[in-house]
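# Per-entry structural report
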Amino acid sequence: MSRSFVLLNFAVGVLLALITWRYPTSVLEVPAPVLLNGVDVDAYEPGGPKPVRAAFVILVRNSELYGMKRAMRQIEDRFNSRFNYPYVFLNDVPFTEEFKTSTAAMTKANVTYGTIPQEHWSYPSWINQTYAKERREDMKKQGVFYALSESYRHMCRFNSGFFFRHPLLENIEYYWRIEPGVEYSCDIDYDPFLFMQRQGIKYGYTIALHEYPETIPTLWSTVKDFIAKTPSFVRHEGGYQWLSSDGGATYNGCHFWSNFEIGSLRFFRSKEYLEYFEHLDKAGGFFYERWGDAPVHSIAAALLLRKEEVHWFEDIGYYHNPWNNCPQSSASRLRCHCDPAGSAVHHYWASCTRAWPALPESNITKID
């Protein structure tokens, strides 16, 4: 062994000893990843792929810019400034540059803007528009909200059967609906999308109300006609107890208030839901009456999903005029500023909220 080789080994040893003394082993080790919900926090960096292919989906007009900015400020402060899920804005007309610039400035997350195809926001060929106008006039005489509004009916039909088909949502599996002016009163320190994916949940809500019966006089009979033709689609017989107070003869109006909903787009794209929507759409009730997307979504979720696939996000503080969901547990209230005594769950009109978790677990059938 040469003298130079021995000297080289000695020098390397001394150098390593000095490095170890100056920089302890713990400093030299690669740090463990910071976890959030068991996921590397780096997965929530802006612009990158998220643990769940999910997005906020927002149907909004250009004129609602400032209400939209308020809602974004709420959801960013309470949740998305840490999780950075993208936003997808939809409108029946092109968004203005002011709207796009102003909303994009509210978040670090990706933001995209889309225009709704005309065929998804217009009268289908089978609708008698003269008769539809007569029916709107009749509803005005009855004092029905939005009785004369055509755009409201197009909106309800779009949200019922078309929003999930928009090209901007092609690669999205879960959505969180947000509307202008809503408020979030509690910090959301976990990922609801990931929670739903891990638990197999297909639909989530915060408030469930009774619908105005004069807006949907024939909806229930139309649903029953569909179920009679496709009985194997019903996966949760107990859902009838939530939807009807007389054994299924009539609809009691219970519906998940859909201005807040977090859901699986696979459910809405399923064969069962698409056939259900097509049956309702052909009946004409979106235009001859004023069927809302809330009862349409809710009836489908109550019957076509199992009970455990529908979840009450009781812990998410949420306000949409005039109703508020405020967590009731003392632990949840530590991260909220809402008054639990003012929560909708204390009112009869929102009694459907707690009625869903109280349903029996049995009477579940599988689709053949």
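Just so it is clear, the structure is predicted and the values come from calculations on it, not from any experiment. (Residues numbered from 1 in each chain as written. Predicted model: local features only at pLDDT ≥ 70, side-chain atom pairs only at ≥ 80, totals over all residues. Heavy atoms only, no water.)

Summing up its helical and strand segments, the chain has 15 helices and 14 strands in all. Among the 368 residues that make up the chain, the fraction classed as buried is 51%. Partitioning the contacts of the chain with sequence separation of at least 6, the portion at a separation of at least 24 is 78%. (Helix = DSSP H or I, 4+ residues; strand = E, 2+ residues; numbered from the N terminus. Buried < 20%, exposed > 50% of the residue type's maximum accessible area, 1.4 Å probe, protein only. Contact = heavy atoms within 4.5 Å.)

Within a sheet, each strand pairs with its neighbour through backbone hydrogen bonds, oriented either parallel or antiparallel. One open sheet holds the 7 strands; their spatial order is 5-4-3-6-11-8-12, and the pairing between them is mixed. Both outer strands of the open sheet, strand 5 (111-115) and strand 12 (310-312), are each paired with one neighbouring strand and no more. Along the sheet, successive strands turn relative to each other by an average axial angle of 20°, direction set aside. Two strands pair when backbone bridges link them, and strand 4 (residues 87-91) and strand 5 are joined in this way by 5 bridges, in the parallel orientation. Each bridged residue has a counterpart across the sheet, and for N91 the counterpart in strand 5 is T115. Sitting on the sheet, helix 7 (residues 192-199) touches strand 3 (54-59), strand 6 (174-177), strand 8 (203-205), strand 11 (261-264) and strand 12, and the angle it makes with strand 6 is about 135°. (Pairing = 2+ DSSP bridges. Axes fitted to C-alpha atoms, helices over the stretch in contact; angles between N-to-C directions.)

Let's shift gears to the sheet that holds strand 13 (residues 318-320). An order of 7-13-14 is seen for the 3 strands of this open sheet, with the pairing classed as antiparallel. Here the strands that pair on one side only, and so sit at the sheet edges, are strand 7 (183-184) and strand 14 (323-325). Across 3 bridges, strand 13 lies against strand 14 in antiparallel orientation. Its bridge partner lying in strand 14, H320 is registered against W323.

Next up on the list: the side chain of N80. Mapped onto the elements, N80 comes out in helix 3 (residues 65-83). With relative accessibility at 0%, the residue N80 sits in the buried group. Here E76 takes part through its side chain, which lies 3.0 Å from a polar atom of the side chain of N80. Those residues in contact with N80 that sit more than four places away from it in its chain are F56, I75, Y85, Y87, T107 and A109. (Polar contact = N/O pair within 3.5 Å; in protein donor to acceptor, adjacent residues only side chain to side chain.)

Let us look at the environment of H320. Mapped onto the elements, H320 comes out in strand 13. Here H320 falls in the buried class, since its relative accessible area comes to 19%. Each C-alpha atom, one on H320 and one on E183, is 6.8 Å from the other, the two residues being 137 residues apart in sequence. With near-sequence residues (within four places) excluded, H320 lies in contact with E179, V182, W257 and N259. A polar contact is formed between the side chain of H320 and the side chain of E179, at a distance of 3.3 Å.

Honestly, that's just the spatial picture; any functional story needs more than this.
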